[in-house]
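Residue strings, one per chain:
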Amino acid sequence: MPSAVEFRAAPTPGTEDRVHLDLVSAPQPRDKMVADHIRQGVNSGILTPGSHLSESGLCSELQVSRNTVREAFRFLTQEGLLRHEANRGVFVTTPSPATVVDVFRVRRTIECPALAQAYPKHPAVQQMRAAVTRAEASRRDGDWRAVGNADIAFHAAVVALTDSPRLMAFFRRVSLELRLVFGLIRSPEFLHEPYIERNRAILEALESGDAAGAAEQMDRYLAHAERFILTTYARVLEGEDA
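The present account deals with the structure reproduced in this document. Being a predicted model, the structure only gives us computed values, none of them experimental.

A few points about the packing of helix α7 (residues 144-160) against helix α8 (residues 165-182)
Working step 1: The N-to-C vectors of α7 and α8 enclose an angle of 155°; their axes lie 10 Å apart at closest approach. Here α8 runs roughly antiparallel to α7, going by the angle between their axes. Every pair of crossing elements has a handedness; the one defined by α7 and α8 is right-handed. In this structure, α7 uses Arg145, Gly148, Asn149, Asp151, Ile152, His155, Ala156, Val159 and Ala160 to contact α8, whose residues at the interface are Leu167, Met168, Phe171, Ser175, Leu178, Arg179 and Phe182.
Working step 2: Taken together, the residues of the contact of α7 with α8 sort by class into nine nonpolar, four polar and three charged.

Here it is as structure tokens:
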């Protein structure tokens, strides 16, 4: 059984001393701040499927009451990000194969049309390029969690091509489930390495003016990624390494 996880989301350089102050002074209710803290832990890959959340650890780390933490747990359980097990505690949800299929269905519905209708000089294209550059640098450093973060940033930038705040907000929620899907694979290098070059190819097609070609590449990319993850997940369920 996974051990209890206490975590501190990595702050922006130069803001380390402000983390606790931000929590205290922010206008949001404290339970929502705690919920955002947990979401950040999932989104950064620190919290993975099956991670046990320590109520007392979060109380101590964030200087909040048990009732505040429990209310945050309630929010996130309703969202499907956490699950409660009687007499055992609260855990990060483990996505089912059906969840994997649905996440990729949603991604195809949003990302492929976003590329097909994109303007090559859209500001989000620079965000796509920055994410590819970060992924390649992180690969050289052997930092595969950072590669995963860059991959999610790349696809968030694709969604930003739509200029739709609602779609971008919706994708932020989907990206949390996507990060949990990533967490099903024990070797992040095995998961992420093949897709770094695919992201670059999609970017270069779009920058060259071939939006339709970029969308076709994305459709093939997502179909391949879905099959890969489902096949690997099946091996995990059978007790094999993945």
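That shown, we press on.
Here we look at the packing of helix α6 (residues 123-141) against α7
Working step 1: Contact pair α6 / α7: the axes reach a minimum separation of 8 Å and the direction vectors enclose 170°. Looking at the two axes, α6 sits roughly antiparallel to α7. When α6 is examined against α7, the residues Ala124, Gln127, Met128, Ala131, Val132, Arg134, Ala135, Ser138 and Arg139 are found in contact with a partner set consisting of Trp144, Ala146, Val147, Ala150, Ala153, Phe154, Ala157, Val158 and Ala160.
Working step 2: Considering only residue class, the contact of α6 with α7 consists of 14 nonpolar, two polar and two charged.

Cut-off values and rules
Residues numbered from 1 in each chain as written. Predicted model: local features only at pLDDT ≥ 70, side-chain atom pairs only at ≥ 80, totals over all residues. Heavy atoms only, no water. Axes fitted to C-alpha atoms, helices over the stretch in contact; angles between N-to-C directions. Helix = DSSP H or I, 4+ residues; strand = E, 2+ residues; numbered from the N terminus. Parallel < 35°, antiparallel > 145°, perpendicular 65-115°, else oblique. Left-handed = near helix turned anticlockwise from the far one by under 90°. Contact = heavy atoms within 4.5 Å. Nonpolar A, V, L, I, M, F, W, Y, C, P; charged D, E, K, R; others polar.

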